[in-house]
Amino acid sequence: MTFETEDRAALRQSVRDLLAKHSDSAAVRKAIASPDGFDAALWGRLVEQIGVAALAIPEEFDGVGASLAETHVVLEELGRTLTPSPLLGSAVLAAQALLISGDADACSRLLPGIAAGEVAAVCWASESGWDATGVSASGDSLTGTAHYVLGGDVATTLLVLAADGSGVSLFEVDPAADGVDRRRVPTMDPTRSLSQVSFTGATGRLLSSPADLAERLKTAALVALSAEQVGAAQAALDLTVEYAKNRKQFGRVIGSFQALKHRMADMYALVETARSMSYAAALSQDPQDAYAAKIYCSEAFEQVAAEAIQLHGGIAITWEHDAQLYFKRAHGTAQLFGQPRDFLAAIAS
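Notes on the structure in this doc start here. In this text the structure is predicted, and so the values were computed from the model without any measurement.

**Overview of the overall build of the protein**
Moving on, step 1. Each helix and strand in the protein was counted, giving 11 helices and 12 strands.
Moving on, step 2. Here the C-alpha radius of gyration of the protein, 20 Å, is about what a compact globule of 349 residues would show, namely 20 Å.
Moving on, step 3. C-alpha extents for the protein along the principal axes are approximately 75 × 40 × 40 Å.
Moving on, step 4. Within the protein, the fraction of its 349 residues that count as buried is 54%.

**Section: the pairing of strand S7 (residues 168-173)**
Moving on, step 1. Counting buried residues in S7 gives 5 out of 6 residues, a clear majority hidden from the surface.
Moving on, step 2. Where strand S6 (residues 157-163) and S7 come together, 6 bridges link them in antiparallel fashion. Of the residues in S7, the one forming a bridge with Ala162 is Ser169.
Moving on, step 3. As paired strands, S7 and strand S10 (residues 205-206) are joined by 2 bridges and run antiparallel to one another. The residue of S10 that forms the bridge with Glu172 is Arg205.

**Section: the side chain of Arg192**
Moving on, step 1. Its place among the elements puts Arg192 in the loop between strand S8 (180-185) and strand S9 (194-203).
Moving on, step 2. With a relative accessible area of 11%, Arg192 lands in the buried category.
Moving on, step 3. Arg192 has contacts with Leu88, Leu150, Thr187, Leu225, Glu228, Arg329, Thr333 and Leu336, leaving out every residue within four places of it along the chain.

**Considerations on empty space enclosed by the protein**
Moving on, step 1. Overall, the coordinates contain 4 cavities of 30 Å³ or more when judged by the stated rule.
Moving on, step 2. Within this model, the largest cavity holds a volume of roughly 250 Å³.
Moving on, step 3. Forming the boundary of the largest cavity are 22 residues, of which Pro84, Ser85, Pro86, Arg192 and Ser193 lie nearest the centre.
Moving on, step 4. Going through the elements one at a time, helix H4 (68-81) and helix H5 (87-101) are the ones with two or more residues in the lining of the largest cavity.
Moving on, step 5. Ranked by residues supplied to the lining of the largest cavity, first place goes to H5 with 3 residues.
Moving on, step 6. Of the residues assigned to the lining of the largest cavity, the class counts are 9 nonpolar, 9 polar and 4 charged.

**Things to note about the packing of aromatic side chains**
Moving on, step 1. Under the definition given, this model contains 5 aromatic pairs.
Moving on, step 2. Aromatic side chains Phe3 and Tyr279 sit 4.0 Å apart centroid to centroid with 15° between the ring planes, which places their arrangement in the stacked category. Placement of Phe3 in the segment before helix H1 (6-22) and of Tyr279 in helix H8 (residues 258-284) is noted, with a sequence separation of 276 residues between them. For the residue pair Phe3 and Tyr279, the accessibility class agrees, reading buried in each case.
Moving on, step 3. Put simply, the rings of Trp124, Trp130, Tyr148 and Phe337 touch in pairs and so form one group of aromatic residues.
Moving on, step 4. Positioned above the aromatic ring of Trp319 is the side chain of Arg29, whose terminal nitrogen or guanidinium carbon lies 5.2 Å from the ring centre.

**Some details on the pattern of salt bridges**
Moving on, step 1. Applying the stated criterion across every chain, the model contains 19 salt bridges.
Moving on, step 2. Across the salt bridge formed by Arg329 and Asp189, the nearest N and O atoms sit 2.8 Å from each other. Taken as a pair, Arg329 in helix H10 (residues 323-335) and Asp189 in the loop between S8 and S9 lie far apart in primary sequence, 140 residues in all. The same class applies to Arg329 as to Asp189, namely buried.

Conventions adopted
Residues numbered from 1 in each chain as written. Predicted model: local features only at pLDDT ≥ 70, side-chain atom pairs only at ≥ 80, totals over all residues. Heavy atoms only, no water. Helix = DSSP H or I, 4+ residues; strand = E, 2+ residues; numbered from the N terminus. Rg over C-alpha atoms; globule rule 2.2 N^0.38 Å. Buried < 20%, exposed > 50% of the residue type's maximum accessible area, 1.4 Å probe, protein only. Pairing = 2+ DSSP bridges. Contact = heavy atoms within 4.5 Å. 1 Å grid on protein atoms, 1.4 Å probe; cavity = no way out; pocket = protein on both sides within 12 Å on 5 of 7 lines; lining within 4 Å. Points joined across faces, edges and corners; volume = space filled by probe spheres on them. Nonpolar A, V, L, I, M, F, W, Y, C, P; charged D, E, K, R; others polar. Phe/Tyr/Trp six-rings, centres within 6.5 Å; stacked < 30°, edge-to-face > 60°. Lys NZ or Arg CZ within 6 Å of the ring centre and 35° of its normal. Salt bridge = Lys/Arg side-chain N within 4 Å of Asp/Glu carboxyl O.

Worth remembering: the numbers are spatial, not functional.
Next up, the structure:
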């Protein structure tokens, strides 16, 4: 099955054209420094002109009724430019949590807002990682801390995965409710803001919670993240090739040196293999494919970003150059939703 259909190619071009106008290197740096951690005006354009937040939301909830494969295309383009946005945390994680829950009332109330660009956040991981929720529930009272929350400090709705003794249940919490404290935390990757959200006896609304909710949500998260990694790895490769075509040493452009050609060829092979694995996972949405994509795309992106730094030389680690941002994104995404080694045992079994 071919991933790049005519419709997806047109979607890709629309997103790419919009980002070329409004999300260049200077714009990304400005967005990083903004109070929200992303450019609200650009997010509004992406939502209103292209409908990116509504793509994988069914039409009955004011969505486009497409699929996660279409969202995959958008995430790849956002990764290519390192554009900070709420798409992964809100339109993928939060929207999918609601759809997987099957809670008709919650979907009817919350999904139209997410499709229209409102930011929702999933409070999930504990300090030890994404395999254990940091929040516990006693009745409708929530206590504990969720770490690494995407968009948690700006979200208008919080969806909390809480351990309740019989498993993991999904709760809806008002961010302004008593007992909720949220703050942005420092991160290695400045282009992605993460938050810590703490609950001290906060009241939550229990939503439908199928037993496999956390596993299915993790699958969607890993596949979506791999799209960002592929887009960013391709951009790091392109940046390096362009530099090698123009930088001169000993009276010759460095791209003419055979040793550097070999290294860039290896980078290309890593990117294309990662793309194939990411696309396969996007089409299947199978947990094993998602684990494989997480492992390979993380490691490939880290290697490509490291080579980009090496081949650029000292200039690559200066703040003014984009190579260091791709390097930081590579290491940040490798840790997000679990380190690659965490999934090796699952694949081996």
